[in-house]
Each structure stands twice: as C-alpha cells, then as structure tokens.
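What follows is the residue order along each chain.
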Amino acid sequence: MICSCDVASIDRLADRKQDENWRFRAFLKEECDLPDAEVDRMVHELYGQEAAKIDCTSCARCCSTAPLLDDEDVGRLAGSLGITSDEVTSRYLKMDDDWGELTFNQKPCPLLKDDLCTCYAARPHDCWSYPHLQKEGFRHRLISAVNNASVCPVVFNVLERLKDEMRPHGWNRHTSGRGRNR
Ligand code: SF4
Ligand code: SF4
C-alpha cells in the first residue's frame, strides 16, 4: 500500500494510481456486495484516522479547486470582510459555467494568503465540508473521490487503505479494465 503524508509527493503518487483508482470505483459500484452503510462506516473511520495525520495548514491544495458558493456563503463572507454581498461577488467571484453557481474568480482562491484562509470562520460550506468523506453515500460520490485523490492526500490515503480493507470482499480479484466511463 502506498500512503503519503508528504503533500509534495501527492501529484506523483496520484498519477501512478489513477487507473487503479478508476477500476476501484467500478469494483465498489458493481461488484462489492457490502451494503452502502458498511462502506460509509469504513470510509468514516479511515477518514478520521487519516485526517488526523495531516496538517491542512501546510497543504491548502483544495484552495486551488473551485468550491461553489450559495447566497448564504456569500452573505457570511460579506459579514466577515465588512463589505456587501455585491462587493464580495464583484471582487472575488464568477459564475461557474459547468455548475451554474458562483465560485471564486482565481485559483488559488483570492482569500488564501500564505497558504492560510483569511476567512476561515466564514468559509463557504463547500470548503468546510471538503473532502466530503465524512458524509453519507460514499458510493454515490466515487467520481468526486477519485478526482479528489489527485488533490488531497487524505483522500488518496483513505482510498489506498480502503482497497486493503476490500481485499477480503473481492477487490484483489478485480482485474477488468473498466473504469471512468462506467
Ligand atoms: S474560502 Fe478559504 S478555505 Fe475556501 S478556497 Fe478560499 S481560502 Fe480556501
Ligand atoms: S483537506 Fe486535503 S487538500 Fe485540503 S488542505 Fe487538508 S489535506 Fe490539503
């Protein structure tokens, strides 16, 4: 098993594991016979352990993704920054064409300074809940999980450890080339 707490190595490791991770997604969706609740329980436990090993303040890689913001998020940021919601939108946000929702207008996020969030207490819900492994329904967010394994070392490590835990349930026997499009 490859695991990393070294943020700098995550690009290289994730690249090596990308095809395998898409096959693991196909396995979890189509072959693994564990109930969703049991898969969630395993992911939640692994997430708690792996998140505790990594200092997010020395990473901030997820602040170079594109979190989505709703009106409540914008209002909260406005209160924190001492400006109006319209000013938050015009200074820091743009419309995400794919999702039809607001996102930040720069990557990394314009509110990130020296790898720290300058509005941490008022950050958008999407930032607060990243990398989303604490939620229910892991099997329904596998595309996001595989994509986030290339961004977040916590997600990468959880997937690696979940593969190990899935060996008794058939993951090791999975040899087909199915993946991303299924
Ligand atoms: S609001 Fe804060 S946590 Fe969210 S992307 Fe920007 S800097 Fe990162
Ligand atoms: S949640 Fe993941 S990507 Fe974001 S700062 Fe923490 S370790 Fe890095």
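Quick look at the structure, then. (Residues numbered from 1 in each chain as written. Chains lettered and ligands numbered in written order. Predicted model: local features only at pLDDT ≥ 70, side-chain atom pairs only at ≥ 80, totals over all residues. Heavy atoms only, no water.)

### A short note on the site of ligand 2
Stage number 1. Every residue close to ligand 2 is listed here: Ile 54, Cys 56, Cys 59, Ala 60, Cys 62, Tyr 130, Cys 152, Pro 153 and Val 154.
Stage number 2. Comparing atom positions with the cavity grids shows ligand 2 to sit within the largest pocket.
Stage number 3. Partitioned by chemical class, the residues of the shell around ligand 2 number nine nonpolar, no polar and no charged. (Near = heavy atom within 4 Å. 1 Å grid on protein atoms, 1.4 Å probe; cavity = no way out; pocket = protein on both sides within 12 Å on 5 of 7 lines; lining within 4 Å. Sits in = over half its atoms within 2 Å of the grid points. Nonpolar A, V, L, I, M, F, W, Y, C, P; charged D, E, K, R; others polar.)

### A closer look at the side chain of Asp 96
Stage number 1. Looking at the element boundaries, Asp 96 is found in strand β2 (residues 93–96).
Stage number 2. One buried charged side chain, Asp 96, makes no salt bridge at all; its nearest oppositely charged neighbour is Lys 94, positioned 6.8 Å away.
Stage number 3. A distance of 2.9 Å separates a polar atom in the side chain of Asp 96 from the backbone nitrogen of Asp 98. (Helix = DSSP H or I, 4+ residues; strand = E, 2+ residues; numbered from the N terminus. Buried < 20%, exposed > 50% of the residue type's maximum accessible area, 1.4 Å probe, protein only. Lys, Arg positive; Asp, Glu negative; His and termini not counted. Salt bridge = Lys/Arg side-chain N within 4 Å of Asp/Glu carboxyl O. Polar contact = N/O pair within 3.5 Å; in protein donor to acceptor, adjacent residues only side chain to side chain.)

### Here's the deal with empty space enclosed by the protein
Stage number 1. Summed over the entire model, instances satisfying the criterion amount to one cavity of 30 Å³ or more.
Stage number 2. Surrounding the largest cavity, Pro 131, His 132, Leu 133, Phe 138, Arg 141, Ser 144 and Ala 145 form its lining.
Stage number 3. Taken together, the residues of the lining of the largest cavity sort by class into four nonpolar, two polar and one charged. (Points joined across faces, edges and corners; volume = space filled by probe spheres on them.)

### As for helix α1 (residues 10–30)
Stage number 1. With 21 residues, α1 should reach 30 Å at 1.5 Å per residue; the first-to-last C-alpha distance of 28 Å fits that figure.
Stage number 2. Residue Gln 18 marks the point of greatest curvature in α1, where the axis turns by about 55°.
Stage number 3. Looking at the buried residues of α1, the elements they touch are α6 (142–148) and α7 (153–166). (Expected span 1.5 Å × (residues − 1). Bend = angle between axes of the 7 residues up to and from the residue. Contact = heavy atoms within 4.5 Å.)

### Here's the deal with the layout of surface pockets
Stage number 1. Taken as a whole, the largest pocket encloses approximately 1,300 Å³ of empty space.
Stage number 2. Taken together, 47 residues form the lining of the largest pocket, with Cys 62, Thr 65, Asp 126, Cys 127 and Tyr 130 sitting closest to its centre.
Stage number 3. The set of elements that each furnish at least two residues to the lining of the largest pocket consists of α2 (36–51), β5 (116–117), α5 (125–129), α6 and α7.
Stage number 4. Ranked by the residues each element gives to the lining of the largest pocket, the list is headed by α5, at five residues.
Stage number 5. Of the residues contributing to the lining of the largest pocket, the split by class is 31 nonpolar, eight polar and eight charged.
Stage number 6. Each of two domains, domain 1 (7–61 + 132–173) and domain 2 (66–128), supplies a minimum of three residues to the lining of the largest pocket. (Domains from an automatic or database assignment.)

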